[in-house]
Amino acid sequence: MTRFSEALVRANTELDPSIREHLERYQGPFADILKENERIAREKRLPLCQDTGLVECFCTLGQSVALEEPLQRTLEAAVANTYGAFPFRDSTVAEPLFRRTPLKDNVPPVVHLFQTEGKMLEIRFLVKGGGSENLSRYYALEPSAGVEEVENKVIELVGDNGAMSCPPLHIGIGIGGFSEKAMLNAKLALTYPLGTRHKHPDYAQLEERLLRKLNTLTIGFQGLGVGPTALSVHTVYEPTHIATLPLAIAVDCYLNRKGVVRFED
Amino acid sequence: MRIETLKAGETVLYSGPLCIMRDAAQKRLIQEMERTGKISVDLEGRIVFYAGPAKAPPGYPIGAIGPTTSSRMDKMLEFLYRRGVLATIGKGKRTPLATELCVRYRRAYFVAPSGAAAALTSKIVKASCLAYPDLATEAVYAVEVTNLPLITAIDVTGTDIFSL
């Protein structure tokens with residue numbers, strides 16, 4: 001799991017080059033310190049943001065791989081070792097409602113497991129902060145709803161609340177499935193690289209149109225009105241029930257700390 | 001800091017003391033007040049920075065630090081003002097309640113750069129835990145900062161940069 005740990009450190013300390021380009025072009029309020037931050041974090045291996053997130057893992061496991069222990073345990077140990085060894089933040093509490101007692105080493109990660117053919121393991125992960133997570137939304141749209149309604153929900157959500165979640169934002173959209181699958185797909189969409197489009201032309205156009213519309217909101221870097229409002233929009237769709245049109249929206253901050261690690265035989 | 005004269009949008013390089021606390025510590029202070037009629041932290045004259053630091057790397061007084069979302073704590077803002085807090089620092093737009101309270105108590109709200117924690121760490125020269133060490137990153141800390149860049153987001157007249 002060394003490669004996964006290294007990728008976790010990288011995600012926390014090095015800004016994705018395609019996002020760095022946007023940061024370098026930015027000239028508005030706090031521009032200097034944001035650029036200085038990117039440099040200091042990279043050079044001194046300090047976290048880009050003090051909220052070093054909850055680690056969310058989307059694992060695809062080949063059917064002929066035999067693991068020595070449950071993947072959840074392996075990933076939890078890797079997260080604990082990495083967050084224990086680096087000056088990151090332990091941001092988890094043991095129980096959410098009554099006591100909220102802090103946990104050490106930022107465990108547990110959220111782990112989702114999918115199966116595929118062959119002998120491989122792919123771990124896509126997000127280092128997801130709480131501020132952006134609080135913008136996750138699920139809408140049970142009516143099956144007759146059109147694409148405009150989907151777009152309006154996204155625009156409304158970002159327009160009303162985008163300034164709180166460290167814009168420019170990355171938007172993941174899950175459409176179809178049932179509620180939990182839509183949200184899972186919305187999160188998965190946040191792991192996709194900047195500038196890539198859905199292979200289905202209708203969804204690709206939806207992504208492009210939404211990105212254009214979001215950027216007319218002029219929320220900008222830090223919510224202070226200068227620069228882009230959104231840097232990426234990705235969609236993932238699934239078949240659904242005749243009576244439903246599930247829509248889930250997940251939001252990530254400008255850093256979009258993520259990674260992909262692949263093990264192949 | 002000349003809080004009364006600052007206008008929304010004005011930038012400030014702040015040097016001086018700050019009191020770091022966020023959701024859990026404020027909730028506990030309020031519960032303490034309800035239970036015992038007093039609180040274990042003197043808030044008079046303090047500027048509250050809504051933040052939770054990361055673990056300190058060797059040679060630093062505190063770890064990576066930056067503002068958290070302020071609006072989550074709007075319901076607890078009046079409690080702070082009534083105990084003499086002069087201003088709050090955080091990130092993002094607040095609810096109309098916060099603006100109303102800034103006017104009523106003649107207090108200001110500042111935003112600090114978010115997602116800039118590695119750079120902000122160097123602005124903190126001294127740090128100590130004031131209360132609730134069991135809350136770990138959510139404990140109350142007293143810190144001394146130098147040249148912390150801020151923007152006045154809500155001034156004492158209730159002008160809010162996020163609503164301009």
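To be clear, the structure that these remarks concern was listed above.
Summary of the structure given here.

Parameters and conventions
Residues numbered from 1 in each chain as written. Chains lettered and ligands numbered in written order. Predicted model: local features only at pLDDT ≥ 70, side-chain atom pairs only at ≥ 80, totals over all residues. Heavy atoms only, no water. Pairing = 2+ DSSP bridges. Helix = DSSP H or I, 4+ residues; strand = E, 2+ residues; numbered from the N terminus. Axes fitted to C-alpha atoms, helices over the stretch in contact; angles between N-to-C directions. Contact = heavy atoms within 4.5 Å. 1 Å grid on protein atoms, 1.4 Å probe; cavity = no way out; pocket = protein on both sides within 12 Å on 5 of 7 lines; lining within 4 Å. Points joined across faces, edges and corners; volume = space filled by probe spheres on them. Nonpolar A, V, L, I, M, F, W, Y, C, P; charged D, E, K, R; others polar. Salt bridge = Lys/Arg side-chain N within 4 Å of Asp/Glu carboxyl O.

So, on to the sheet that holds strand E3 (residues 120-128) of chain A. Residues and elements named next belong to chain A. What the four strands build is an open sheet, ordered E2-E1-E3-E8; its pairing is mixed. A single partner strand is all that each edge strand has here, and the edge strands are strand E2 (110-116) and strand E8 (258-264). Across the sheet, the mean angle separating the axes of adjacent strands is 15° when strand polarity is ignored. Taken together, the seven bridges between E3 and E8 define a ladder with antiparallel strand orientation. By the bridge assignment, Arg124 is partnered in E8 with Val260. The sheet contacts of helix H1 (residues 2-13) involve strand E1 (54-62), E3 and E8, and relative to E3 the element is tilted by about 25°.

Evaluation of the coordinates by the stated rule reveals one cavity of 30 Å³ or more. In this structure, the largest cavity spans a volume of roughly 60 Å³. Together, Phe30(A), Ala163(A), Met164(A), Cys166(A), Gln222(A), Leu224(A), Lys91(B), Gly92(B), Val111(B), Ala112(B), Ser114(B) and Phe162(B) line the largest cavity. Looking at the lining of the largest cavity residue by residue, the class counts come to eight nonpolar, three polar and one charged.

Here the structure, examined in full by the defined rule, presents 25 salt bridges over all chains. For the salt bridge of Asp134(B) with Arg28(B), the shortest nitrogen-to-oxygen distance reads 2.8 Å. Taken together, the residues span a long stretch of sequence, with Asp134(B) in the loop between strand E5 (124-131) and strand E6 (140-154) and Arg28(B) in helix H1 (residues 23-36) at a distance of 106 residues. Taken together, the salt bridges that share partners define one network made up of Arg20(A), Glu24(A), Glu38(A) and Arg42(A).

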